[in-house]
Amino acid sequence: MKDVILLMVSATLVNNVVLARFLGLCSFMGVTTKVDTAIGMGMATTFVITVSSMGDWALETFLLAPFDLGYLRTVTFILVIAAAVQFTEMVIRKVSPALFRTLGIYLPLITTNCAVLGVALLLVEGRYGFVDSTVFAFASAFGYSLVMVVFAGLRERLALADVPAIMAGPPIGFITAGLLALAFMGFSGISAN
Amino acid sequence: MTGPDLSIDEPLLESVARVVALEGETVWLEPEPKASCSGCMSLAMCGAKGGGVRALAARRFPLPGAPALKIGERVVVGLPEGSVLRASATAYAVPIVLMVGAGITAQTNGAGDLGGALAMFGGLAVGLIIARLIASRLSGRGELTPRFVRRVASGGDCSRNL
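How each quantity is defined
Residues numbered from 1 in each chain as written. Chains lettered and ligands numbered in written order. Predicted model: local features only at pLDDT ≥ 70, side-chain atom pairs only at ≥ 80, totals over all residues. Heavy atoms only, no water. Helix = DSSP H or I, 4+ residues; strand = E, 2+ residues; numbered from the N terminus. Buried < 20%, exposed > 50% of the residue type's maximum accessible area, 1.4 Å probe, protein only. Contact = heavy atoms within 4.5 Å. Areas by Shrake-Rupley, 256 points an atom, 1.4 Å probe, with all protein chains shown as cover. Salt bridge = Lys/Arg side-chain N within 4 Å of Asp/Glu carboxyl O. Pairing = 2+ DSSP bridges. Buried area = accessible area lost by both parts, 1.4 Å probe. Polar contact = N/O pair within 3.5 Å; in protein donor to acceptor, adjacent residues only side chain to side chain. Nonpolar A, V, L, I, M, F, W, Y, C, P; charged D, E, K, R; others polar.

S.K.: Please explain the overall build of chain A as it appears in this structure.
M.R.: Across its full length, chain A holds eight helices and zero strands. Within chain A, the proportion of its 193 residues that are buried is 52%. Residue pairs in contact within chain A that sit at least 24 positions apart in sequence constitute 79% of those at least 6 positions apart. Surface summary for chain A: the accessible area is close to 8800 Å², and the carbon and sulfur share equals 69%.

S.K.: Is there a simple way to explain the pattern of salt bridges in this structure?
M.R.: Two side chains with opposite charge may pair up if their charged atoms get near one another. All names here are of chain B. Per the counting criterion, the structure on display carries seven salt bridges over all chains. Residue R60 pairs with E30 through a salt bridge whose shortest N-O separation is 2.8 Å. With a gap of 30 residues between them, R60 in the loop between α2 (53-57) and β3 (61-63) and E30 in strand β2 (residues 26-31) connect regions that are remote in the sequence. With a relative accessible area of 36%, R60 lands in the partly exposed category. Here the salt bridges share partners, and the residues they tie into one network are R86, R141 and E143.

S.K.: For this particular structure, what's the right way to read the pairing of strand β4 (residues 74-80) of chain B?
M.R.: Regular strands place their side chains on alternate faces of the sheet. Residue and element names in this part refer to chain B. Most of β4 is tucked away: seven of the seven residues are buried. By the alternation rule, side chains of β4 split into R74, V76, G78 and P80 and V75, V77 and L79, which are all buried. By the bridge criterion, seven bridges tie strand β1 (residues 12-23) to β4 in an arrangement that is antiparallel. Each residue of the ladder has a partner; that of L12, found in β4, is P80. As judged from the four bridges shared by β4 and strand β5 (residues 147-151), these two strands associate in the antiparallel manner. Counted as the bridge partner of V76 is R150 from β5.

S.K.: Could you clarify how one ought to interpret unusual backbone geometry in this entry?
M.R.: Trans peptide bonds make up most of the peptide bonds, and negative phi angles are found at most residues other than glycine. Residue and element names in this part refer to chain A. Its identity is not glycine, yet D68 carries a phi of approximately 55°, on the positive side. Inspection of the secondary structure assignment puts D68 in the loop between α3 (35-64) and α4 (73-95). Look at D68 and you get exposed, because its relative accessible area is 65%. Backbone geometry at R127 places phi at a positive 50°, although glycine is not the residue there. Following the sequence through the fold, R127 ends up in the loop between α6 (114-126) and α7 (130-160). The exposure class of R127 is exposed, given its relative accessible area of 73%.

S.K.: Would you mind showing me how to read the interface of chain A and chain B here?
M.R.: In many reports, interface size means the accessible area that the parts give up when they come together. Between chain A and chain B, the residue contacts involve 49 residues of the former and 55 residues of the latter. Summing the contributions of chain A and of chain B, the shared interface buries around 4400 Å²; its carbon and sulfur component is 74%. Summed over the shared surface of chain A and chain B, the result is four residue pairs in polar contact (both at pLDDT 80 or more). For the side of chain A that touches chain B, the elements supplying multiple residues, two or more each, are α2 (25-30), α3, α4, α5 (97-106) and α7 of chain A. Per-element accounting of the side of chain A that touches chain B gives the leading share, 12 residues, to α3 of chain A. Of the residues that constitute the side of chain A that touches chain B, the class distribution is 29 nonpolar, 13 polar and seven charged.

Structure (structure tokens):
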């Protein structure tokens, strides 16, 4: 259990995909104008990252590694991610058409970005078992969602602040993101010991 | 058809949709496509925008209590922020948390990769059943029905209006 907790803390805070690995910056800047949208988007991305990591693990373990097909890894993972996005939409549509329509109005259609592929490639480096790889992917996605929500909250406050015209919008957003990344660097001192 | 019985005081999450059909007093709308990044000028090339005509057609929804609208007109539709959060938690958080929880429990109890995988799929299935039950309750309360907010001014940029 201790190992699982350490794995989750490491993936969520210490090696945060957005602020430590700088993945998923497009959605980090694009969808963080409102906290509610950021939470919804974070949950959708968490689902896609976790589900796609399961498929990626299976293909890596039973196909790519045994047959020395590492050069096909990126293409294969992109295919798995695309399938996971479609699978997610299909499942939600089957579970509840009303839920599917409502989410389609307020959240982006395609919940994938470079962070999804980045997490899949990090799993290969980690050489985890099935459950550990899924937990790692879930924790990484949770870290992504956490940062999205924190940043959306900051941007909502920034929208009310008296920012000089030349710094308004993305410039002050990037400066804030930089300060947030510095704050998250504080977690890098955490280790198992 | 009546609109959802929800508090007007609750802040609304707004989105733009286009009128695509009129059937008696029911207005059918199609949401305008959103991209998960929406910060890049090359959206049309990377394929992140849209998702195809079929995907949008599948998301058509009726709008109860709308004023007289014309086909092709763009309107802003709103849903209480809490409702959108509950909807996304139901669809995504419940199944995935149960799935990961089941996997961790199985591994802690000594199950290997196969046992963990089976537990995870079981957790996901249970999560989806629970999500279905919660969604039908939300739908019954009218929490998943968007309401008309206003027309989009002709020539207006929807992204700036919201």
